[in-house]
Amino acid sequence: MPQLVPFYFVNEITFTFVIITLMVYILSKYILPRFVRLFLSRTFISKLSDISKK
Amino acid sequence: MASRLARTAVGAARLRPSVVPRVLPALSTVASPRYSSGVPSEDPKTKAQSIIDSLPGSNLMSKTAILSSAAGLSIYALSNEYYVVNEETVVAFCLLSVWGGLIKFGGPLYKKWADEQSDKIKNILNSARADHTQAVKTRIGDVKQMSGVIDITKTLFAVSKETAKLEAEAYELEQRTALAAEAKTVLDSWVRYESQVKQRQQKELAQTVIAKVQKELENPKVLKQILEQSVADVEKIVSKA
Amino acid sequence: MSTLSFNNISTEVLSPLNQFEIRDLLSIDALGNLHISITNIGFYLTIGAFFFLVINLLSINYNRLVSNSWSISQESLYATIHSIVTSQINPRNGQIYFPFIYTLFIFILINNLIGMVPYSFASTSHFVVTFALSFTIVLGATILGFQKHGLEFFSLLVPAGCPLALLPLLVLIEFISYLARNISLGLRLAANILSGHMLLHILAGFTYNIMTSGIIFFFLGLIPLAFIIAFSGLELGIAFIQAQVFVVLTSGYIKDALDLH
């Protein structure tokens, strides 16, 4: 079964962890804060009337 | 594989000519009663038109060019074994049909859902904006009402300053009169006291004098002296008269 | 792969496992025994990550507040995983694991979907990849639990409300099931994807043989073809569901380690 050919195990694992680490870094630094800012600004605008009334 | 496909195609082609002439007279006999009914006569034409329309390309020339180039490319790829038709083709066909079906049927659904979501967000944001402008406008109105408050406050302040000054003066006068009244009462009391003392002294003096006279009157020599003096006075008066 | 020749026409019998073979694309033999290579799995993993980043970049919509259809997909993905993380792990303190869970979900989903494309390669069908992920996750959750609770972490192995007499047996069973978490998480994903692709391939092989035998069989072969189309749809659903199950279970394991149920 080609999945169990041990020769490429280290290669596969290395690629997997490198790709996952890279993705975690890029996501948590650039992409997820963008979403947070978007949702936060939407909530802020929709709650502005409540804030200003109080 | 390609050779097998070609063999089956050739076999199918060999089959078809024998099938077609048999089918055609049946088609014509079937077609004539249809022809008389009139309605489906447009059907093959519109169907052919729709098939031609579904081909990529803008006019007939480009459509034929695209069709022929696609055919040529596929024949080139198949004959040079760049694309081998094996079971992977079946998998590819099935997967592509699943993807195509999803895109065709799920596409409008997804677009509708996405539009719904964006409209919801737009509504919320717009209503929030309207609410906020309304609130700001009422606040502006409220504040505008209080725009004259500065002058009012200034005059109030001046009035209160004067009032405070006047109050201070009044207080001072009051203090002064109170002091004067107090001094007067004190002087009055002194005066009363002095008069009381004088009265008492006079009374005492009178009492001592009366007591001395009474004591002297008890002395008979004094009585005799008074009697003689009074007789002398009476003789003087009688002699004068 | 074995070749048999019949009447000078040699055909290779392609095994359905051929699609999972790892091939070198670029390789360097450095420093003696070291064989550094870019394999097709690395290539497809990189393509998956790149594809996801490109999709995210394209769906930014000029940072507008109102979203178009592209950015809604990304936002709904974010909201889905956010709801998973909030409901499975602690609603307040669990947010710290959110980027990791998001990455896991995206990684598994994109790689499953890339495997769905014809003539491509399913990276998550390799046991090494999924076992590496699942062993790392369960080990990480265990370390997290030990770091937070110390030796009290072993109270995880004691289920609530069990009679005192059965305690040793239950602890042993719970311990074995805890160890089995490592394997089951990775095995579930890899086995699902592997079996789906293999079945697709085998059925397609049979259907191809049917359909190329003759013209009548061509039309007869449309029935298994319809079945294969239905099965491909199921495969697509499995791609999504397996990613979600993996992520839900990961969140559950992290919650177990943090809260000791």
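Keep in mind that what you see is a predicted model, and the values were worked out from it rather than measured.

Right, let's get into the overall build of chain A. What chain A contains, in helices and strands, is 2 helices and 0 strands. Expected size for 54 residues packed as a compact globule is a radius of gyration near 10 Å; at 22 Å, chain A overshoots this value by more than 25%. Overall size of chain A, expressed as C-alpha extent along the three principal axes, is 70 × 20 × 10 Å. For chain A, the exposed surface amounts to about 3400 Å²; the carbon and sulfur share of it is 75%.

Summing up its helical and strand segments, chain B has 6 helices and 0 strands in all. Taken from the N to the C terminus, the helices and strands of chain B come in the order α-α-α-α-α-α. Counting over 241 residues, chain B shows a buried share of 9%. For chain B, the computed accessible surface area is about 20300 Å², with 65% contributed by carbon and sulfur atoms.

Enumeration according to the criterion identifies 20 aromatic pairs over all chains in this entry. Taking 5.8 Å as the distance between ring centres and 70° as the angle between the ring planes, the aromatic pair formed by Phe43 of chain C and Tyr44 of chain C counts as edge-to-face. Classification of Phe43 of chain C by relative accessible area gives partly exposed; the value is 39%. Among the aromatic side chains, those forming a connected cluster through ring pairs are Phe35 and Phe39 of chain A together with Phe52, Tyr78, Phe98 and Tyr102 of chain C.

Opposite the 33 residues of chain B that make contact, chain C presents 28 residues. When the two sides are added together, the surface that chain B and chain C hide from each other amounts to roughly 2700 Å², 75% of it contributed by carbon and sulfur. Run the count over chain B and chain C and you get 0 salt bridges. Across the contact surface, chain B and chain C share 3 residue pairs in polar contact (both at pLDDT 80 or more). At the level of secondary structure, the elements contributing two or more residues to the side of chain B that touches chain C comprise helix H1 (2-37) and helix H4 (87-145) of chain B. The element that contributes the greatest number of residues to the side of chain B that touches chain C is H4 of chain B, accounting for 23 residues. Tallied by class, residues from the side of chain B that touches chain C come to 22 nonpolar, 6 polar and 5 charged.

The next thing to look at is unusual backbone geometry. Of note, the phi angle at Glu81 of chain B is positive, near 60°, even though the residue is not glycine. Structurally, the position occupied by Glu81 of chain B is in the loop between helix H3 (60-79) and H4. Positioned with a positive phi, Tyr119 of chain C is a non-glycine residue whose angle comes to about 65°.

Taking the UniProt record as the reference, the feature "transmembrane region" is found at residues 13-32 of chain A. Taken end to end, residues 13-32 of chain A has its terminal C-alpha atoms 26 Å apart, with 100% of it in helix and 0% in strand.

Facing the 42 residues of chain C at the interface are 30 residues of chain A. In this assembly, chain C packs against chain A so that about 3300 Å² is buried in total across both faces, 78% of it on carbon and sulfur atoms. Of all residues in chain C, Leu65, Tyr78 and Val128 of chain C give up the largest surface area on contact with chain A, accounting jointly for 19% of the area buried on that side. Scanning the region where chain C abuts chain A turns up 1 salt bridge. Arg42 of chain A is the salt-bridge partner of Glu75 of chain C, the closest N and O atoms lying 3.1 Å from each other. If you look at where chain C meets chain A, you find 5 residue pairs in polar contact (both at pLDDT 80 or more). Counting residues per element, the ones that place at least two in the side of chain C that touches chain A are strand E4 (34-39), helix H1 (40-58), helix H2 (69-88), helix H3 (98-116) and helix H4 (127-149) of chain C. When its residues are assigned to classes, the side of chain C that touches chain A shows 25 nonpolar, 13 polar and 4 charged.

Residue and element names in this part refer to chain C. Across 6 bridges, the pairing between strand E3 (residues 24-30) and E4 is antiparallel. In the sheet register, Leu26 faces E4, and the bridge partner there is Ile38. The hairpin formed by E3 and E4 contains 3 residues between the paired strands, and Leu31 there has a positive phi angle of roughly 50°.

Core analysis: the biggest nonpolar cluster contains 73 residues, and Phe52, Ile81, Tyr102, Phe107 and Phe246 of chain C have the highest contact counts within it. Elements with a contribution of two residues or more to this core: helix H1 (9-46) of chain A, H4 of chain B together with H1, H2, H3, H4, helix H5 (167-211) and helix H7 (222-259) of chain C. Aside from chain neighbours lying at most four places away, what touches Phe52 of chain C is Met23 and Leu27 of chain A together with Gln74, Tyr102, Ile106 and Ile110 of chain C.

The next subject is the side chain of Thr207 of chain C. Topologically, Thr207 of chain C is positioned in helix H5. Residue Thr207 of chain C is classed as buried on the basis of its relative accessible area of 2%. One polar contact links the side chain of Thr207 of chain C to the main-chain carbonyl oxygen of Leu203 of chain C, over a distance of 2.6 Å. Those residues in contact with Thr207 of chain C that lie beyond four places of it in its chain are Val90 of chain B together with Gly221, Pro224, Leu225 and Ile228 of chain C.

Inspection of the secondary structure puts Glu204 of chain B in helix H5 (residues 149-218). Sequence separation between Glu204 of chain B and Ile140 of chain B is 64 residues; the distance between their C-alpha atoms is 93 Å.

Attention shifts here to the packing of H5 of chain C against H7 of chain C. All names here are of chain C. Two numbers describe how H5 lies on H7: the axes approach to 10 Å, and their chain directions differ by 175°. When the axis of H5 is compared with that of H7, the two are roughly antiparallel. Here the contact of H5 with H7 is built from residues that sort into 19 nonpolar, 8 polar and 4 charged.

Residues and elements named next belong to chain C. With respect to the helices, strands and loops of the structure, Leu220 is situated in helix H6 (residues 215-220). A relative accessible area of 47% places Leu220 in the partly exposed class. Each C-alpha atom, one on Leu220 and one on Gly196, is 24 Å from the other, the two residues being 24 residues apart in sequence.

Here we come to H1 of chain C. When the terminal C-alpha atoms of H1 of chain C are compared, their 26 Å separation across 19 residues agrees well with the 27 Å that a helix rising 1.5 Å per residue should span. For H1 of chain C, the set of buried residues is Asn40, Ile41, Gly42, Tyr44, Leu45, Gly48, Ala49, Phe52, Leu53 and Asn56 of chain C. If you follow the buried residues of H1 of chain C, they end up packed against H1 of chain A together with E3, E4, H2, H3 and H4 of chain C.

With that out of the way, let us pick up a nonpolar patch on the surface. On the surface, Leu73, Tyr76, Leu78, Tyr82 and Tyr83 of chain B together with Tyr119 of chain C cluster together to form a nonpolar patch covering roughly 640 Å² of accessible area. Relative to the assigned elements, Tyr119 of chain C resides in the loop between H3 and H4. On the accessibility criterion, Tyr119 of chain C (40% relative accessible area) is partly exposed.

What counts and how
Residues numbered from 1 in each chain as written. Chains lettered and ligands numbered in written order. Predicted model: local features only at pLDDT ≥ 70, side-chain atom pairs only at ≥ 80, totals over all residues. Heavy atoms only, no water. Helix = DSSP H or I, 4+ residues; strand = E, 2+ residues; numbered from the N terminus. Rg over C-alpha atoms; globule rule 2.2 N^0.38 Å. Areas by Shrake-Rupley, 256 points an atom, 1.4 Å probe, with all protein chains shown as cover. Buried < 20%, exposed > 50% of the residue type's maximum accessible area, 1.4 Å probe, protein only. Phe/Tyr/Trp six-rings, centres within 6.5 Å; stacked < 30°, edge-to-face > 60°. Contact = heavy atoms within 4.5 Å. Buried area = accessible area lost by both parts, 1.4 Å probe. Salt bridge = Lys/Arg side-chain N within 4 Å of Asp/Glu carboxyl O. Polar contact = N/O pair within 3.5 Å; in protein donor to acceptor, adjacent residues only side chain to side chain. Nonpolar A, V, L, I, M, F, W, Y, C, P; charged D, E, K, R; others polar. UniProt positions renumbered as here; feature names shortened; annotations may be inferred. Pairing = 2+ DSSP bridges. Core = buried A, V, L, I, M, F, W, Y, C linked by side-chain atoms within 4.5 Å. Axes fitted to C-alpha atoms, helices over the stretch in contact; angles between N-to-C directions. Parallel < 35°, antiparallel > 145°, perpendicular 65-115°, else oblique. Expected span 1.5 Å × (residues − 1). Patch = residues over 30% accessible without salt bridge, like charges linked within 9 Å, V, L, I, M, F, W, Y side chains within 5 Å.

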